[in-house]
Amino acid sequence: MSRGEAPVFGSHISELQLSQNGIPLFVELLGNYLKSPKVLQYQGLFAAQPNDGDLRKTKRLFDRNPTHIDFNTLNPAICATLFLEFLRELPEPIISTQYQLFLNICKSSNESSQLNELKHLVKQLPNPNKSTLVFILQVLAAIEANSSVNLCSKQMLARTFAEYLIWDPVSGGFGQRHDAQERT
């Protein structure tokens, strides 16, 4: 499949149609929707459990053509869940080959040094990964800025998104790791 023809879910970022900002078009469209005033006011945005049938139906719509979706007709909880599912189904994490380095940086006790090393780490990511990570963080910042209404604190968002953004690719990816955790 050529770039832009791959299904949205389960494809490498490099296989997806990118926006002018170098972000997968799906991520940009969905992220902008999640940052919209209506959605920022949605209470329990990432805690709500959408109907499985509606979730699968919307996921198929996005896989077919994310540019022809009327976001005004969508349930914000479904879109929030699909945002996470996109990250979960990536064949490799956004913070790709830097897993062990990232963990080592986080062990540092010097906060200033950590920040500088993390910035350097992000700069080393492939451009689509870097652009996507920065955009996701902007979306999360907008959501957290409205946490008094939507109940999405920075702690909750960090817990929710951390395992979707970085995992050990050697362990077989998120799906296999997640399945193993559920069995224990």
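Not measured: the values here are computed from a predicted model. (Residues numbered from 1 in each chain as written. Predicted model: local features only at pLDDT ≥ 70, side-chain atom pairs only at ≥ 80, totals over all residues. Heavy atoms only, no water.)

1. Re the overall build of the protein chain
A count of helical and extended segments in the protein chain gives ten helices and zero strands. Within the span of the protein chain, comprising 184 residues, buried residues form 42% of the whole. Within the protein chain, contacts between residues at least 6 apart in sequence are counted, and of these 68% link residues at least 24 apart. By element, 50% of the accessible surface of the protein chain is carried by carbon and sulfur atoms, the whole surface being about 10,100 Å². (Helix = DSSP H or I, 4+ residues; strand = E, 2+ residues; numbered from the N terminus. Buried < 20%, exposed > 50% of the residue type's maximum accessible area, 1.4 Å probe, protein only. Contact = heavy atoms within 4.5 Å. Areas by Shrake-Rupley, 256 points an atom, 1.4 Å probe, with all protein chains shown as cover.)

2. Some words on helix H6 (residues 111-123)
Residues spaced three or four apart along an α-helix face the same direction, because each turn holds 3.6 residues. Here H6 is 13 residues long and its end C-alpha atoms lie 19 Å apart, about the 18 Å a rise of 1.5 Å per residue gives. N-cap assignment for H6: the residue whose side-chain oxygen lies 3.0 Å from the backbone N of Ser112 is Asn110. (Expected span 1.5 Å × (residues − 1). Polar contact = N/O pair within 3.5 Å; in protein donor to acceptor, adjacent residues only side chain to side chain.)

3. A short note on the pattern of salt bridges
Summed over all chains, the structure comprises two salt bridges. One salt bridge in this structure joins Glu85 and Lys59, with 3.0 Å as the shortest N-O distance. One end of the pair, Glu85, is in helix H4 (residues 76-88); the other, Lys59, is in helix H3 (residues 52-64), with 26 residues separating them in the sequence. The salt bridge partner of Glu89 is Lys59, with a shortest N-O separation of 2.5 Å. Taken together, the residues span a long stretch of sequence, with Glu89 in the loop between H4 and helix H5 (99-106) and Lys59 in helix H3 at a distance of 30 residues. On the basis of relative accessible area, Glu89 is assigned to the partly exposed category, the value being 25%. (Salt bridge = Lys/Arg side-chain N within 4 Å of Asp/Glu carboxyl O.)

4. Quick notes on the packing of helix H7 (residues 127-144) against helix H9 (residues 154-165)
Where H7 meets H9, the axes come as close as 10 Å, and the angle between the chain directions of the two elements is 160°. Judged on the interaxial angle alone, H9 and H7 are roughly antiparallel. Helix-helix and strand crossings are classified by hand; for H7 and H9 the assignment is right-handed. Contact residues: Leu133, Ile136, Leu140, Ile143 and Glu144 in H7; Lys154, Leu157, Phe161 and Leu165 in H9. Each residue belonging to the contact of H7 with H9 can be placed in one class, and the counts come to seven nonpolar, no polar and two charged. (Axes fitted to C-alpha atoms, helices over the stretch in contact; angles between N-to-C directions. Parallel < 35°, antiparallel > 145°, perpendicular 65-115°, else oblique. Left-handed = near helix turned anticlockwise from the far one by under 90°. Nonpolar A, V, L, I, M, F, W, Y, C, P; charged D, E, K, R; others polar.)

5. Quick word on the confidence of the model for the protein chain
When pLDDT is averaged along the protein chain, the result is 84; 88% of the residues meet or exceed 70. In the model, residues 175-184 has pLDDT below 50 throughout and makes six contacts with residues more than four positions away in sequence or in other chains. (pLDDT = per-residue confidence, 0-100.)

6. Structural notes on the layout of surface pockets
Approximately 560 Å³ is the volume found for the largest pocket. Every residue lining the largest pocket is counted, 20 residues in all, and those nearest its centre are Ile95, Phe102, Leu133, Leu137 and Leu165. Sorting the residues of the lining of the largest pocket by element identifies H6, H7 and H9 as the ones contributing at least two each. A class-by-class count of the residues in the lining of the largest pocket yields 17 nonpolar, no polar and three charged. (1 Å grid on protein atoms, 1.4 Å probe; cavity = no way out; pocket = protein on both sides within 12 Å on 5 of 7 lines; lining within 4 Å. Points joined across faces, edges and corners; volume = space filled by probe spheres on them.)

7. Describing the nonpolar core
Counting 50 residues, the largest nonpolar core has Leu34, Phe46 and Phe161 as its most contacted members. The set of elements that each furnish at least two residues to this core consists of helix H1 (25-34), helix H2 (37-40), H3, H4, H5, H7 and H9. Excluding residues within four positions of it along the chain, Phe161 makes contact with Phe46, Phe83, Leu84, Leu87, Ile136 and Leu140. (Core = buried A, V, L, I, M, F, W, Y, C linked by side-chain atoms within 4.5 Å.)

8. Here's the deal with a positive patch on the surface
A contiguous patch of positive charge, built from Arg56, Lys57, Arg60 and Arg64, is present on the exposed surface. As for its placement among the helices and strands, Arg56 is situated in helix H3. (Patch = residues over 30% accessible without salt bridge, like charges linked within 9 Å, V, L, I, M, F, W, Y side chains within 5 Å. Lys, Arg positive; Asp, Glu negative; His and termini not counted. Charge placed at Lys NZ, Arg CZ, Asp CG, Glu CD.)

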